[in-house]
Structure formats: structure tokens, C-alpha cells
Amino acid sequence: MTARDGIHGIALAIAAATLASGAATASDSVTDFARRDLLPASPSVTGGAVGGLVNPAAWSTVAGGELAFWWNDDTVVQHSLDNWGLSAGGQLGFSVERRTVPAESGRLRVYDYQVGFAAGNRIAHTGVAWRWSTGDDDALGRDNGLVLGSIARPNRFMSYGLSGLLSAERSHAVGVADLGIRPLGRPELTVFGDYSLTSKQRIGDGEWSAGVEIRPAGGVHLGARVQERSGTDELEYVVNLGLTIDRLGLHILPGYDDGGDRGTTTYLVRGNPPYRGLPFETWLRKRSGHKRWETIDLEKRTLTYQRGRWFDKKRVAWIDVCHQLERLRRDAGVGGVVVRLSESRIRPSLLWELRQELVACQEAGLEVAVHLDRARMGGYWLASAADHVVMEPRGDLEIVGLAAQRTYMKGLLEKLGIGFEEHRYFRYKSAAETFTRTDMSEADREQIGRQVDVIYETLRAEICESRGISEAAFETIVEERAIIFAEEAKERGLVDALGRWEDVRKWVKERGGSLANREPEGPHYDERWGKPPVVALVYADGASEMDKGFQGRGMSRHLEKLAKRRDVAAVVMRADSPGGDPLPAELVADGVVELRGKGKPVVITQGDVAASGGYRICTDADRMYTTPLTVTGSIGVISAWVWDDGLGGKTGFSADGIQRGSHADLFSGIRFPLIGLRLPTRNLDEGEKERMREGTMELYDGFVASVARGRNLPEERVRELAEGRVWMGGDAVERGLCDEIGTLPDALARARELAGLEPDEEILIEEYPPRPRFGLSTARLLRMSSFVEPLVGDEVEREEYAWRYVRMLADRPGAPMLLVPPEAIPDGWMDW
């Protein structure tokens, strides 16, 4: 049982005990705990800081917290604000109210306080508070005590709550139960009611209220409630007239008696209520022409998949940028966006995706500006999409073209005395060439040459189109200038202006705008009761390994859990892996199949590289997106054998031992300290090589069959495309290995569609692995203490892929591997 379940049970017990009480007379001490005069509806329906006055669980039904203030015109002293209250609530809640009543001596005044906390997950909310009073509390019968509350919203049609006050001064309790029904499953129509009872009342002697609220438009509230007048058999009628503009709402709640005479009117102001308001600021900016601009600040920061939840100023999560840009495109009061690119670090695939999202902003009518100091060809390619490019006066552009080279270590291994034999059965599977050659094979030259051509031509074409220059002029820059300083960049039309960040601010102001980021509104929990459908966003980022890289063991278990969860509507997987060990790749691929078997669509979005084992995890998805800069495919298997061919003698190490079995020495030998490698003392014999070949071919045939099944291609066609050949994203789409070119937002939109969700329907995006608690630099410092290591996690330390690549081959000598060499990985793939 969780703590939330426990509080729910206690609140239920208090309410049930109160409702079951059977004393003959009503309480002689009336508290204001169950009063309704300032609630537009019942407590669980009202929610937020206002509903928290009766049910503290309501504090957690608003994202980001709410501040509310109320007063009424029931004055004792003329022209005095005798009755008022202030309430603030989120995960923590506080309220203070002043009540004034006439007395023979003139007046009695009491201050009621409440402080506590609440938690919830859109389905269940619980809260605990302590309530106390000061002033004339004894005369007015106030009780200090513990308040417990629970709210359940099991679906979009129903909300119900239970709350109870247990007096700390005597045997006394007050319980409240309420219910809200939305017949349409939307906030346009809500019917509600509640019932309160003290422990001194019979079960039929409690007070009830019932009402209805209509919202003809977002931010407009019309309602009415009928309730028993406290201490009498008379009825009171309360009208709810509410208007919410942006994040500020006003409710006027006049009361009427049975004869139609108006009684007390309560005025309620709600700041950041749990429902959406009329977008007045947007309308005003649109009418005035003075629009707001926002900044995407990537200066000296890394754009990557995830960032630390705390103290991480160095990284920016791509999904957060996507949400921001989508919000700006929808906001009619926004005129444009400025991107700060100076000294930013961005993965190649994210360069392309960010460029696409900025172009989408332009298509939505927004202007885009970029500020940068220095940039290489890829960074300038991103900047060139902007309407206005501003460069630091002492900046420069490196437009030098594109090159890809491999480093070969055959000579080094020979000098060291390390034997290395490549077991290569497929023309393009060149992962081991690094250790067996001194130059590039023709097959490798062909596929890497295609990578260079595609990337270069993509960048050149889009730069020329965006900046309005010819390809001949671009080639002149590459061949004759290469490095372009600021003044020349402006003269050649590569940038629009030279200036510093403050000059960009002035430029925005001259265009009738103002540069100011606005915190995004959190989800409006009242717009949709119950937990919205979950779209899981899974990052398969890193080499294919069981407990490092993309952590196949843990990821496969997580996919299995997602398959069993009823709230998960779809899964989007970001595949950014060069492969490696085939076992974790198969485990993840099986998880994808299980998800689809449970009716949950899976959409793949590829990053910089999704090749070999990284492509295997993609093949069984419903839809596969890639980018023009993605390296994918590489359907093939490679293995190699590494042994001590003189290193021990050169270094003075030797090995000796006892074995049972003629092959027992295959995986034993000299263990070299510091580098942590064990090298066998001999090469494979012919029989052992044949066994390795059989294992390689068996794995290859299974890989081909999986691709054929998943991609709905004949096996013969897959074998033509295989042989270990890497393909660029566009080539893969043309050949049926991927479905289409697209971004992460495209993949999320397709997942919605496949799951049968509406385009504007609220969803929860749940990331896996969960974001680390700390940023990279902070986490490295904290790892000095073993106490905080569980808070930091293993995600902090990531080896360079080149070193992981060597270790994977050495750790599993002779084993068939699904991986590509480091040189096939785009620069910056491992950047944080």
C-alpha cells in the first residue's frame, strides 16, 4: 500500500465514521470547514487552491500552483472588508481567512489558517493539512485539527472527493463527500453535488448542495447551485458568473433566498486556475501589432536528447525545444523566434531537425533570426534557414567542404605484437578494416563516399536556396576562400548584419516586437479529468550492450512493462545506435513486437546513426522515420579474433595454466593490467574458424529474415541491399528500408494517429530512461561522494565510441557482432 492509498483510506474512514454517527442532537460547535459560500462548485470539481479549503487534495489538481483571493459584501462595520480569504496551493498549500459576525458587543472576528501538502497523478490526489484558528475562535466554536482529503478522477466523466476534519481538542469530526459528473466527458457541462455531516448529526441530518455549470466558451463560466441554508430548513440559491482571461479569473457568486431576495455576494479571484482562459494578451498583441518574440538559447550549450532535472545549464533537451516551437507556432501573439547559436554543440541529425522546425515556424507566419559568432559548415547550414542572420563583428565561417577519413592501426598492432584476424563474409561490412588494413577498401570507399556526397549536397543545396546564392558561387567560397571573416560574409550575402546580442534585441524592437520568453502554461487538469493517454518516448541511444550503451537488458524489461500498461497508447523510440552485441538488439526488437501484439503502435525516429544492431531494433515498428543525414542499414555481421602475437614477450608478461578440453584456452591468456584486456595466446585453428563462420552466417540469415518480415520485402531483395552496406536516410527510404523522412514531432504525430488520438488531444509524454537528476558537470563532482552516487546514476560517464568499439571486439573475441566502425559515425554523435 502506498502513502497515497493510506491517506485515501483514512479520509474515507473519517468521512464514513462521521456519516455513520448517530447522536440525537446536532453539534453545538459549528466550524466553517464544510461551508460552500465561496466555491463555484463542489470541492473536487472546483479544485485548486479554492477547493483545497475543504479538501486539501485539491491543491494538487492544478499544475504549477494557484493563488486565490476572495471577499464578500456581508459587512458588520460599514465600508469595511470584514470577510476575506487568501489561499495558495500546489504541492504545498496554505490559506488564511478572516470571518466577522455581529455580536451584542459589536462583532466577533476569527482568523482560520490551514497549511499542508498534497500529491496526485491526475487519477488520484491526496492531501494532508493542519487547521487552526486565532481571535475569537472559542466564541465562534472553532476546532483545531487534522484535515485529510482524497480526490479521484478515474476517467474524463467523473470526479469524486472525500475529506474530513478530525478535531484535536475533543471527540468531534466533520466529513464531506462530493461528486461531479460530465456527461460529455468535457468541461462544457458539469453536474455536481456534495453532502456534509458532523459527528453529532444523524446521517439524514447533514447539509447538501447540488448544481450545474456550463462553459459555452473557454474562460466563460455560467452556473447555479441550490443548497440548504446552514441551521435551517430553507434553501439558498447561488449563481456562478465567471470570466477567466489568460491566467486570471473572476467569479461573482450572488446568493438568493427562497423568496428571490438577494443575500450575500461573494467575489472570487483565481490566479492560474486549473482551466483555460480567454487568450486576451494574444488578441491584444495581434490587434496592436506589437508581438512577443522568444529566444532559443543554445549559446555554449549542447542540444541533445535529455538534460538533468536539476542544475543543468549546459544541455538542452530536444523534446523541450520541440514543445516550445510548437507552442510559439500556435500563439497568434508571437511574432518570431531568435536562436542563439554561438559555441553551441548539436548532433548532425538534430541540426537537420531543428532546421526543419524553424522552417515550419516560418511557414506558420513567424520570423526567424539567428545570432552566432563562429560556425563550421553544419552550424552555418542551420543558421542559413533564418530570415535574418546576425554575426559577431569578429566572427568567422569555416566553409571548407566535407571530408571523412579512417584511421588504420594494422602497423601499430604489428609493432605491439597483437594479432588481429578479420572474419569478413560480406562485401561492405568493413567494421574491422581499422585493424587489418593500411588504406580504405573499394567497398568502404564506395559507401563512405556516398555519405560525404549526400551530406555535402544536402547542405549546399539548402544553403544556396535559403541565402539566394548560386551553387557556383558556393563552390567558389569552398575552393577559393574556405574561411570567411565577418565583413566578407556580409558582402557575399551569407549573413545579413554584423552585431552583438544587444543589436539583435534592438532589431526586434525596430520591428515592433519585444524579446521576452514566457513560461509555458502547464496542463489544465480541469480541462480533462482523469489521466491523459501516455505516449512513451524511449531513447535507444548508444551502442548495443546489455548494461551500458542503450542498456538492452533494462530497456527490454521496460518495453515489456509498457506493453502491459493500459494507460500507454503508443510508443515512439529514438534509435541512435551503431549496433554492437546482437543479444541486446534482439531483446529490444522482441519488446517492439510484444508492444505491437498488445495493440500499442510503435513508431521509430532515427537519429545520427541507426545501423547494424541499431537498425535491427527498428525493423519491426509500425512506422520508421529517418533524416537525410542519418547513417542506417548495415545489414550484416562481423567477427574478429584478437590474440597475443608477441606483446607478452615484448612487455615481459607471460601466462601459464592447466586446461581440460582442447578449446579451453580460447578465452584465457595474459591479462594486461591498466587497460583491463585479456588476450588469448593463440589464433583460431581451421575448425574453430569454421565454427565461427557458421555462427556468423546463422546470425546473418536471421537478420535478413527479420528485415524481410518487418519491412515486408522479399528476402532476395533484402540480401541485395544487405552485405553490410550502410545507407543514408534518403537512400534507405527509396529502397524500402525506412518509410519516410521526418522529425521527432512527425513521429509523435504519427503515433497519435495510429493510436486513434485526436491531433489536439492532451497526451503525457513519458521518457525512458528517466532524465538524470543532475547535469553532467555537477554529477561528476557529486560522484566523488558514494552517498550521492544513487542520485546520479550510470548515465553520467560515457566512453568515446571508438574505445567502446575496440573493447567490444576484444571482450568477445570471435563472437559475431552487429556493429559499424567509428568512422561511420557522424562527428558529434556522442556529444552531450
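What you are looking at is a predicted structure, and each value in this text was computed from that prediction instead of being measured.

Novice: I'd like a description of the overall build of the chain, backed by residues and values.
Specialist: When helices and strands are tallied, the chain shows 24 helices and 38 strands. Going through the 832 residues of the chain one by one, you find that 54% of them count as buried. The long-range share in the chain, meaning contacts at least 24 apart out of those at least 6 apart in sequence, stands at 65%. As displayed, the chain has an accessible area near 36,100 Å², and 53% of this comes from carbon and sulfur atoms.

Novice: Hey, could you go over the packing of aromatic side chains for me, with residue numbers and the actual values?
Specialist: Taken as a whole and assessed by the stated rule, the structure comprises twelve aromatic pairs. Measuring from centroid to centroid gives 5.8 Å for Phe-69 and Trp-71, while their planes differ by 35°, and the two rings are tilted. Residue class for Phe-69 comes out partly exposed when judged on its relative accessible area of 29%. For Trp-71, a relative accessible area of 26% gives the class partly exposed. Taken together, the aromatic side chains of Phe-69, Trp-71, Trp-84 and Tyr-267 make up a single cluster linked through ring pairs. A cation over an aromatic ring shows up here: Arg-182 above the ring of Trp-529, its NZ or CZ 3.9 Å from the ring centre. For the cation-ring pair, Arg-725 lies above Tyr-428, with the distance from its terminal atom to the ring centre recorded as 5.2 Å.

Novice: Give me the pattern of salt bridges: which residues, what numbers.
Specialist: One pass over the structure, following the stated rule, counts 69 salt bridges. Here Arg-262 and Asp-73 are joined by a salt bridge, their closest N and O atoms 3.6 Å apart. In this pair, Arg-262 is assigned in strand β14 (residues 262–271) and Asp-73 in the loop between β1 (66–72) and β2 (84–89), connecting sequence segments 189 residues apart. Overall, Asp-73 belongs to the partly exposed group, its relative accessible area being 34%. Close ionic contact of Glu-502 with Arg-505 constitutes a salt bridge, the shortest N to O distance being 3.8 Å. With a gap of three residues between them, Glu-502 and Arg-505 both fall in helix α13 (residues 501–510), about one helical turn apart. Residue classification places Arg-505 among the partly exposed positions, given a relative accessible area of 36%. Salt bridges sharing common partners tie together Arg-623, Arg-711, Asp-739, Glu-740, Arg-750 and Glu-753.

Novice: Help me get a handle on the nonpolar core, residues and values and all.
Specialist: Inside soluble globular proteins, nonpolar side chains tend to come together where they are buried. Ranked by size, the top nonpolar core spans 66 residues in total, and within it Leu-354 and Leu-397 carry the most contacts. Those residues within four positions of Leu-354 in sequence are excluded, and the remaining contacts are Leu-298, Leu-303, Trp-318, Val-321, Leu-325, Ile-346 and Leu-382. Formed by 43 residues, the second largest nonpolar core is a distinct cluster that contains Ala-540, Phe-550, Val-592 and Leu-595.

Novice: Give a description of the sheet that holds strand β16 (residues 302–304) that names residues and reports values.
Specialist: In spatial order, the strands read β17-β16-β19; together these three strands make up an open sheet with parallel pairing. The open sheet has two edge strands, β17 (315–317) and β19 (345–346), and neither has a second partner. In this structure, β16 lies alongside β17, joined through three bridges in parallel fashion. In the sheet register, Leu-303 faces β17, and the bridge partner there is Val-316. Each of β16 and β17 is contacted by helix α5 (residues 318–330), which is oriented at about 60° to β17, the strand it contacts most.

Novice: Lay out the side chain of Asp-576 in plain terms, naming residues and giving numbers.
Specialist: Within the secondary structure, Asp-576 is located in strand β27 (residues 568–577). Among the polar contacts listed, one links the side chain of Asp-576 to the side chain of Tyr-305, at a separation of 2.4 Å.

Novice: Account for the environment of Lys-600, naming residues and giving values.
Specialist: Along the chain, Lys-600 falls in the loop between α15 (582–597) and β29 (602–611). On the basis of relative accessibility, which here comes to 8%, the residue Lys-600 falls in the buried class. Once residues lying within four places of it in the same chain are set aside, the contact partners of Lys-600 are Leu-562, Ala-563, Arg-565, Arg-566, Val-568, Ala-569, Leu-595 and Asp-622. A distance of 2.9 Å separates a polar side-chain atom of Lys-600 from the backbone oxygen of Val-568.

Novice: Now, about helix α6 (residues 348–363): what can you tell me, with residues and values included?
Specialist: For α6, which comprises 16 residues, the first-to-last C-alpha distance of 23 Å matches the rise-based estimate of 22 Å (1.5 Å per residue) to within 8%. For α6, the set of buried residues is Pro-348, Ser-349, Leu-350, Leu-351, Trp-352, Glu-353, Leu-354, Arg-355, Glu-357, Leu-358 and Cys-361. Just past α6, the residue Gly-365 takes up positive phi, approximately 100°.

Novice: Just give me the short version of a nonpolar patch on the surface, but keep the residues and values in it.
Specialist: A cluster of nonpolar side chains, contributed by Tyr-160, Leu-179, Ile-181, Val-191, Val-212, Ile-214, Leu-222 and Leu-241, occupies part of the molecular surface with about 600 Å² of accessible area. Of all the secondary-structure elements, those providing two or more residues to the nonpolar patch are β8 (173–181) and β10 (207–214). One can find Tyr-160 in strand β7 (residues 158–167).

Novice: Account for α15, naming residues and giving values.
Specialist: Taking 1.5 Å as the rise per residue, α15 with 16 residues should run 22 Å; its terminal C-alpha atoms sit 22 Å apart, in good agreement. Among the residues making up α15, those that are buried are Pro-582, Pro-584, Ala-585, Val-588, Ala-589, Gly-591, Val-592 and Leu-595. Regarding α15, its N-cap is Asp-581, as a side-chain oxygen of that residue lies 3.1 Å from the backbone nitrogen of Leu-583 further along.

Novice: Lay out unusual backbone geometry in plain terms, naming residues and giving numbers.
Specialist: That bond from Tyr-768 to Pro-769 is cis: its omega, 0°, falls within 30 degrees of zero. Considering the arrangement of structural elements, one finds Pro-769 in the loop between β37 (764–768) and α22 (776–782). Although it is not a glycine, Asp-246 adopts a positive phi angle of roughly 55°. Note that Asp-246 resides in the loop between β12 (235–245) and β13 (248–256). Within the chain, Glu-343 stands out as a residue other than glycine whose phi angle is a positive 60°.

Novice: Tell me about the side chain of Asp-731, and please be specific about residues and values.
Specialist: Mapped onto the elements of the fold, Asp-731 is located in helix α20 (residues 729–734). A relative accessible area of 7% places Asp-731 in the buried class. Apart from residues no more than four positions distant in its own chain, Asp-731 is found in contact with Arg-450 and Val-454.

Novice: Can you explain the state of the cysteines? Please cite residues and give values.
Specialist: Counted under the stated rule, the structure contains zero disulfides. Considering cysteine sulfurs only, Cys-618 is the nearest to Cys-738, which forms no disulfide, with 7.2 Å between them.

Novice: How would you summarise the confidence of the model for the chain if you had to cite specific residues and measurements?
Specialist: Averaged over every residue, the pLDDT of the chain is 87; the share at 70 or more is 89%. Summarising per-element confidence for the chain, the mean pLDDT is lowest in helix α23 (residues 789–792) (35) and highest in strand β30 (residues 623–626) (98). Counted against residues more than four places away or in other chains, residues 13–31, with its pLDDT under 50, gives 46 contacts.

Novice: An account of the packing of α5 against α6 is needed here, citing residue identities and associated values.
Specialist: Where α5 contacts α6, the two axes come as close as 10 Å, and the packing angle between them is 10°. Comparing the axis directions of α5 and α6 gives the class roughly parallel. Seen from α5, the contacting residues are Trp-318, Val-321, Leu-325 and Arg-329; seen from α6, they are Leu-350, Glu-353, Leu-354, Glu-357, Leu-358, Ala-360 and Cys-361. In terms of residue class, the contact of α5 with α6 is made up of eight nonpolar, no polar and three charged.

Novice: Quick rundown of the packing of helix α14 (residues 552–564) against α15? Include the residues and the values.
Specialist: Direction vectors running N to C along α14 and α15 enclose 5°, while the axes themselves pass 8 Å from each other. Considering the angle they form, α14 stands roughly parallel to α15. Listed contacts from α15 to Gly-552, Met-555, Ser-556, Leu-559, Glu-560, Leu-562 and Ala-563 of α14 are Pro-584, Leu-587, Val-588, Gly-591, Val-592, Glu-594 and Leu-595. Looking at the contact of α14 with α15 residue by residue, the class counts come to nine nonpolar, three polar and two charged.

Novice: Tell me about the pairing of strand β20 (residues 367–376), residues and numbers included.
Specialist: Within β20, seven of the ten residues are buried, which leaves it mostly tucked inside the rest of the structure. Taken together, the five bridges between strand β18 (residues 334–340) and β20 define a ladder with parallel strand orientation. Note on β20: the bridge partner recorded for Gly-336 is Glu-367. Taking the sense of rotation as the criterion, the β-α-β connection linking β20, helix α7 (residues 377–383) and strand β21 (residues 388–398) turns out right-handed.

Calculation rules
- Residues numbered from 1 in each chain as written.
- Predicted model: local features only at pLDDT ≥ 70, side-chain atom pairs only at ≥ 80, totals over all residues.
- Heavy atoms only, no water.
- Helix = DSSP H or I, 4+ residues; strand = E, 2+ residues; numbered from the N terminus.
- Buried < 20%, exposed > 50% of the residue type's maximum accessible area, 1.4 Å probe, protein only.
- Contact = heavy atoms within 4.5 Å.
- Areas by Shrake-Rupley, 256 points an atom, 1.4 Å probe, with all protein chains shown as cover.
- Phe/Tyr/Trp six-rings, centres within 6.5 Å; stacked < 30°, edge-to-face > 60°.
- Lys NZ or Arg CZ within 6 Å of the ring centre and 35° of its normal.
- Salt bridge = Lys/Arg side-chain N within 4 Å of Asp/Glu carboxyl O.
- Core = buried A, V, L, I, M, F, W, Y, C linked by side-chain atoms within 4.5 Å.
- Pairing = 2+ DSSP bridges.
- Axes fitted to C-alpha atoms, helices over the stretch in contact; angles between N-to-C directions.
- Polar contact = N/O pair within 3.5 Å; in protein donor to acceptor, adjacent residues only side chain to side chain.
- Expected span 1.5 Å × (residues − 1).
- Patch = residues over 30% accessible without salt bridge, like charges linked within 9 Å, V, L, I, M, F, W, Y side chains within 5 Å.
- Disulfide = S-S within 2.5 Å.
- pLDDT = per-residue confidence, 0-100.
- Parallel < 35°, antiparallel > 145°, perpendicular 65-115°, else oblique.
- Nonpolar A, V, L, I, M, F, W, Y, C, P; charged D, E, K, R; others polar.
- Right-handed = clockwise from strand over helix to strand, strands pointing away.

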